[in-house]
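Single-letter residue listing:
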Amino acid sequence: MTKEDAFLARWQDERAAYLAWGQHVSSVISEALIPVIAPISVGYFLKAPLAPRLKDDQKLVEKAFYRNKSYADPYADITDKVGTRFVVLLGTQVKIVTEVLEGVEGWTWSRDRDYEEEQSRNPVAFEYAAVHFVVRPSFDTLVGDTLVPAGTPCEVQVKTILQHAYSELTHDTIYKPQIEATPVMQRNAAKAMALLEATNDYFERVATDVATALSTVRDITNELSTVYRDVIGLEPSPTVLEGLLLEAYESTAEGDYADRARAMLRERPFLIDRIKAKVAERNPIFSQPAVLLAYMDVVDLGKRALRRWPLTPAEMEPILSDLGQTIH
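What you are looking at is a predicted structure, and each value in this text was computed from that prediction instead of being measured. (Residues numbered from 1 in each chain as written. Predicted model: local features only at pLDDT ≥ 70, side-chain atom pairs only at ≥ 80, totals over all residues. Heavy atoms only, no water.)

Peer 1: Where do I start with a nonpolar patch on the surface in this structure?
Peer 2: On the surface, Leu89, Ile161 and Phe203 cluster together into a nonpolar patch covering about 200 Å² of accessible area. Of note, Ile161 is situated in helix H7 (residues 161-170). (Patch = residues over 30% accessible without salt bridge, like charges linked within 9 Å, V, L, I, M, F, W, Y side chains within 5 Å. Areas by Shrake-Rupley, 256 points an atom, 1.4 Å probe, with all protein chains shown as cover. Salt bridge = Lys/Arg side-chain N within 4 Å of Asp/Glu carboxyl O. Helix = DSSP H or I, 4+ residues; strand = E, 2+ residues; numbered from the N terminus.)

Peer 1: What is the right way to look at the pairing of strand E4 (residues 131-137) in this model?
Peer 2: The buried fraction of E4 is high, at six of seven residues. Here E4 pairs with strand E7 (residues 154-160) via five bridges, running antiparallel. Opposite Phe133, over in E7, you have Val156 as the bridge partner. (Buried < 20%, exposed > 50% of the residue type's maximum accessible area, 1.4 Å probe, protein only. Pairing = 2+ DSSP bridges.)

Peer 1: Sorry if this is basic, but what is going on with unusual backbone geometry here?
Peer 2: Backbone geometry places Arg282, a non-glycine residue, at a positive phi of 65°. Along the chain, Arg282 falls in the loop between helix H11 (270-280) and helix H12 (291-301). Using a relative accessible area of 74% as the deciding quantity, one classes Arg282 as exposed.

Peer 1: Teacher, can you tell me more about the packing of helix H9 (residues 240-249) against H12 here?
Peer 2: Packed helices, taken two at a time, are described by their axes: the angle between them and the distance between them. Across the interface, H9 lies against H12 with an axial gap of 9 Å and an inter-helix angle of 35°. Where H9 crosses over H12, the handedness of that crossing is left-handed. Residue-level inspection shows Leu245, Leu246 and Tyr249 of H9 in contact with H12, the latter providing Val291, Leu293, Ala294 and Asp297. A class-by-class count of the residues in the contact of H9 with H12 yields six nonpolar, no polar and one charged. (Axes fitted to C-alpha atoms, helices over the stretch in contact; angles between N-to-C directions. Left-handed = near helix turned anticlockwise from the far one by under 90°. Contact = heavy atoms within 4.5 Å. Nonpolar A, V, L, I, M, F, W, Y, C, P; charged D, E, K, R; others polar.)

Here it is, written out as structure tokens:
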């Protein structure tokens, strides 16, 4: 049996454990992100699907024996036999994912590369930028029906969508041995990376400006969510409808609006059952925390509250009806 055959035979025996480990790492990090980024969903936060992938057999053999890597133990030294990637929008979000990964118990991690560290060592160079980890279980771990031995490596890449686009463009042209990269190619790649870094800086500024502009309405949503959760007993699900309602009612949410919402529900407890019933009917308006502001406006103004309502009159009719009002 050749060394290549022996290598692949072992790989065939162990590849199921590697895939299970890659899937487990992806799942654990995703679940740990949920409370950190709430109310944003993981599906929205990540800009590319999570898809742990095993290295192709032929590429694995080439990397082990034919690419001048000088591995002392090719099988053990190759740490990206399975890999997964977390692609986010902003550089600051890369830090969120890395901090979550580093805080998980039950595995050890090492940074295979860190673009911030590389940039501090060579600040005038513009090259591929991302954070790569190697994550290993601290002890034998059962994932489903598959036993993953302690020390099994999984490469985890954490990068922005701009960094991901750059790596996709250059993967087989600049940093791979299929062709020899010319100085012009390398120069153009460096210019592209510099432009991507500048673009990320502008993205960060825009994100900061948006967050500042939205801070007030987010505070309103958070306070009303607490009232909704405590009094109605359901978990609110703010969507784009929340933004439309807050655009209309932000001016009414002043001072003790949260206390007034609690008082309204305490004085009219039937509203709690009405809201629950409409949520059960999958009417999304009634899962928005700001629907409480709409009810409060009807309490104050009766049918005149229609003037401020941002949706159609028919969509407000259930709120009016709950409080004994009609559209006409």
